[in-house]
Amino acid sequence: MKSTGILLVILAAIFWGISGGIADILMGKGWDPLIISFYRGAVGFVFFFVWFITRFKQNWSTSPRFYLWSLLGGIGVAGNFTFYFLSIQESSVAVAATLMYTAPIFVLLISFLFRIEQSTWFKWLCVCSVIIGIVLLTGAYDPEALSTGIFGVIAGLAAGLSYALFIFGFKNASDIGRPQMILTVAFLVLCLILIWFIDMDEAFSVLTSEDIWWFLLLGAVGAGVSFIIYVIGVRRTRPTTASMVAMVEPVTASLFGVVILGDGLGFVQILGMGIILVTITVLSAKQA
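Report follows, based on the coordinates. Because the structure is a prediction, the values reported are computed rather than measured. (Residues numbered from 1 in each chain as written. Predicted model: local features only at pLDDT ≥ 70, side-chain atom pairs only at ≥ 80, totals over all residues. Heavy atoms only, no water.)

With that out of the way, let us pick up the nonpolar core. Ranked by size, the top nonpolar core spans 48 residues in total, and within it Ile-36, Tyr-84, Phe-187 and Phe-227 carry the most contacts. Filtering out sequence-adjacent residues up to four positions away, Phe-227 remains in contact with Trp-16, Phe-48, Phe-81, Phe-166, Leu-183, Phe-187 and Gly-222. If you look at the next biggest cluster of nonpolar residues, it comprises 16 residues, including Leu-99, Leu-137, Met-273 and Leu-277. (Core = buried A, V, L, I, M, F, W, Y, C linked by side-chain atoms within 4.5 Å. Buried < 20%, exposed > 50% of the residue type's maximum accessible area, 1.4 Å probe, protein only. Contact = heavy atoms within 4.5 Å.)

As structure tokens, this is what we get:
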């Protein structure tokens, strides 16, 4: 049972890593990151809605607090998808995925701010370590030779902050209701938010485009199937293990970027990426 849970979490993380590469391919074909984010969320919503209605009575919740936290989760996932793809557009899949995985640091800082968690030297060392990793990964130590555009860095960190917001919303909502309804509400909110910002003519053109299959694949792999198997996998394994094996995502994204898309990474960038991933893994293990 435990090994099955680990395998499901790893598979979900691999799917998320691949989704960044698919988004990069679509952006290379000229599609706007907002359109890509919208379709990733919309296709995912269809999966979650079907999952939700299969056991409607058991999954339904009437708690106002449940909907408030689910709404927060939806805002978080909308920001995460959008900023992640914008970061890919401005930098690379590998850099964007690694910056997004600074989310636990944002969770930690927010917890300090609201006195949810006690501040310790170890936790602040983790924060400093991640900052050093970001500096090395992006080349910020030499502004004139910055390997990643400033907007790419900001978007990547914003994706991480949005991911942290989703984590807060999902965690609190799951204390009240079932994940089937949380994901359905959250992704409905995502669609309602992004529909105000996308070009509707471009959005409708996707339906008759040759690239429609890429969009459907992205939604299925990057949202629908991956989130469902991740939720099932987390139930069957320890939180510590799940948080560590989820690091497969930025590794998969990096390999996809380097091997398939031809993204280049220097030694210093790889060192920075390693520092970030190792620190986040250690922090996640200690926090769980």
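What follows deals with the state of the cysteines. With the rule as written, the count across this model stands at 0 disulfides. In this structure Cys-128 is a free cysteine whose sulfur lies 9.4 Å from that of Cys-126, the closest cysteine sulfur available. (Disulfide = S-S within 2.5 Å.)

This part takes up the packing of helix H9 (residues 179–194) against helix H11 (residues 212–235). Running from amino to carboxyl end, H9 crosses H11 at an angle of 150°, the nearest separation of the two axes being 11 Å. Judged on the interaxial angle alone, H11 and H9 are roughly antiparallel. Considering how the two elements wind past one another, H9 and H11 form a crossing that is right-handed. Between H9 and H11, the contacting residues are Pro-179, Gln-180, Leu-183 and Phe-187 on the first element and Ala-223, Phe-227, Val-231 and Arg-235 on the second. (Axes fitted to C-alpha atoms, helices over the stretch in contact; angles between N-to-C directions. Helix = DSSP H or I, 4+ residues; strand = E, 2+ residues; numbered from the N terminus. Parallel < 35°, antiparallel > 145°, perpendicular 65-115°, else oblique. Left-handed = near helix turned anticlockwise from the far one by under 90°.)

Centre distance and the angle of the planes are the two values used to describe a pair of aromatic rings. Following the criterion strictly, the structure yields 18 aromatic pairs and no others. With a centroid separation of 6.4 Å and 45° between ring planes, the pair formed by Phe-49 and Phe-52 is classed as tilted. Here Phe-52 and Phe-49 lie together in helix H2 (residues 33–53), a separation of 3 residues that amounts to about one turn. Its relative accessible area of 5% is what places Phe-52 among the buried residues. Look at Phe-166 and Phe-170: their rings are 5.7 Å apart centre to centre, the planes differ by 35°, and that puts the pair in the tilted class. Here the residue Phe-166 and the residue Phe-170 both occupy positions in helix H8 (residues 150–174), the gap between them amounting to 4 residues, near one helical turn. Given the relative accessible area of 10%, Phe-166 is considered buried. (Phe/Tyr/Trp six-rings, centres within 6.5 Å; stacked < 30°, edge-to-face > 60°.)

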